[in-house]
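# Residue-level structure breakdown
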Amino acid sequence: PLYYVVLLFIFLVVAHLSDWRLVDSSQAILLSVIKWVLFTTPNAVAINGVGETSLIVAGVTWTLRYEWFFYLALPLISLLAGQRPSLLILVVSVAALALAWRIGLDKRYVPVFAGGIIAACLVRNPDFVRFCKKKVASLLVLICFAVVLQFSSALKIIPCIALIIAFCMIAGGADIFGLLSLQTSHRFGELAYGIYLIHGIVLFTAINLLVGREVTASMSVPIYWSFVGLLALVTLAVAGMAYHYVERPGIDLGKQFQRRGTRLPVPSKA
């Protein structure tokens, strides 16, 4: 739900930047809007000739299409766990993977999803969970983070492995010497998706529509970081409201549907 609220804001900003007039044809605009509605599959295209459309949300929507293709691939993956989804569900899953291949999704992200699967398996092991609750596990997590920072890209083999190891141990209970057990950390966890989607909007609105790029570029270092700090607080406030009024009600609605039995078909076990 929050994505579509953000999408409405994107449309409003695009309309404002276009002086509320059609630059492209109605058909081109409709096609662009459909791609955004479908979580920017295959890509985040410009709307109505506004080349900065993706910049409005800092380009973060690229991850959502990977998420959706992963969900659609789950029935096929479940075969490895000995489950037997229906033929229709398998056909949809195969079609989704074929589409992912066709639009050229980056295959380097596959190991990251594999890391999540590994974590889901490891947290079911009592010995692994007991180890993760020890201080040495928190130390290893910090070491993994330090290793990642030595590379220019987290998609290289070594930093990718380090991130997967850190993720698995955190999933198993490593709280980084109590840091992740704080109530504040839990609250940030709730707001994480909102911060992810909204921070670009706050930055774009403040820099491009309120203050201006030239003024921002001329700021001294102390003033600039004070400005960014203020925008960070604004982002937290907006993300908090988004969670309370959009995300949380959406989660509750999903749970209501689940209780009523209106859920997606669950693959039967072999």
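Note that this is a predicted model, so its numbers are computed, not measured. Every residue gets a number counted from 1 within its own chain, in the order that chain's sequence is written. The predicted nature of this model means local features are confined to residues of pLDDT at least 70 and side-chain atom pairs, given and counted, to a pLDDT of 80 or more, with totals for whole chains, interfaces and linings taken over all residues. Only hydrogens and water are removed before side-chain values are computed, so all heavy atoms of the structure are retained for them.

## Points about the overall build of the protein
Helix and strand assignments come from DSSP, with helices taken as H or I runs of at least 4 residues and strands as E runs of at least 2, each series counted from the N terminus. A tally of regular secondary structure across the protein gives 11 helices and 2 strands. The principal-axis extent of the C-alpha atoms belonging to the protein is close to 60 × 50 × 40 Å. Burial status across the protein gives 29% buried among its 270 residues. Pairs of residues are marked as contacts when any of their non-hydrogen atoms sit within 4.5 Å. Put simply, 67% of the contacts in the protein that link residues at least 6 apart link residues at least 24 apart. Accessible surface is estimated by sampling points in the Shrake-Rupley manner with a 1.4 Å probe; for residues, cover comes only from the protein chains shown. Working note: accessible area of the protein is about 16900 Å², and carbon and sulfur atoms make up 70% of it. Asp and Glu are treated as the negative residues and Lys and Arg as the positive ones, with His and the ends of the chain left uncounted. Here the site of a charge means NZ on Lys, CZ on Arg, CG on Asp, or CD on Glu. Computed over 21 positive and 11 negative side-chain charges, the separation of the two mean positions in the protein equals 12 Å. Here the term buried applies to any residue with accessible area under 20% of the maximum for its type, exposed to any over 50%, and partly exposed to those in between, with areas from a 1.4 Å probe on protein chains only.

## Describing the confidence of the model for the protein
When pLDDT is averaged along the protein, the result is 91; 96% of the residues meet or exceed 70. For every residue, the predictor reports its confidence as pLDDT, a number between 0 and 100. Counted against residues more than four places away or in other chains, residues 266-270, with its pLDDT under 50, gives 9 contacts.

## Regarding helix H9 (residues 183-211)
Take the number of residues in a helix, subtract one, and multiply by 1.5 Å to get its expected span. The terminal C-alpha atoms of H9, which comprises 29 residues, lie only 35 Å apart, well short of the 42 Å expected from a rise of 1.5 Å per residue. By the largest-angle criterion, Leu191 marks the main kink of H9, which is about 50°. Among the residues of H9, Leu191, Gly194, Leu197, Ile198, Gly200, Ile201, Val202, Phe204, Thr205 and Ala206 are the ones counted as buried. Looking at the buried side of H9, the elements it contacts are helix H1 (2-17) and helix H11 (221-259). Backbone geometry just downstream of H9 places Gly212 in the positive-phi region, at approximately 105°. Bend is the name given here to the angle between axes fitted to two runs of seven residues, the run ending at a residue and the run starting at it.

## Here's the deal with the packing of aromatic side chains
Two aromatic rings from Phe, Tyr or Trp, using only the six-membered ring of Trp, form a pair when their centres are within 6.5 Å; if the ring planes differ by under 30 degrees the pair is stacked, by over 60 it is edge-to-face, and anything between is tilted. Within this structure, the stated rule accounts for 11 aromatic pairs. Plain terms: the ring middles of Trp62 and Tyr109 are 5.2 Å apart, the flat faces sit at 40° to each other, and that makes the pair tilted. Here Trp62, found in helix H3 (residues 62-78), pairs with Tyr109, found in the loop between helix H4 (87-103) and helix H5 (110-122); they are 47 residues apart in sequence, far enough to count as distant. On the basis of an interplanar angle of 75° and a centroid distance of 5.4 Å, the ring pair of Tyr224 and Trp225 is categorised as edge-to-face. Here Tyr224 falls in the partly exposed class, since its relative accessible area comes to 30%.

## Quick look at the nonpolar core
Tyr3, Val6, Ile10, Trp36, Ile56 and Val57 are the most contacted members of the largest nonpolar core, which totals 27 residues. For this core, the secondary structure elements donating two or more residues are H1, helix H2 (26-37), H9 and H11. For this core, the leading source of residues is H1, giving 7 residues. Setting aside residues up to four positions removed in sequence, Ile56 forms contacts with Phe9, Ile10, Val13, Val14, Gly200, Ile201 and Phe204. The criterion is simple. A nonpolar core is a set of buried Ala, Val, Leu, Ile, Met, Phe, Trp, Tyr and Cys residues joined through side-chain atoms within 4.5 Å.

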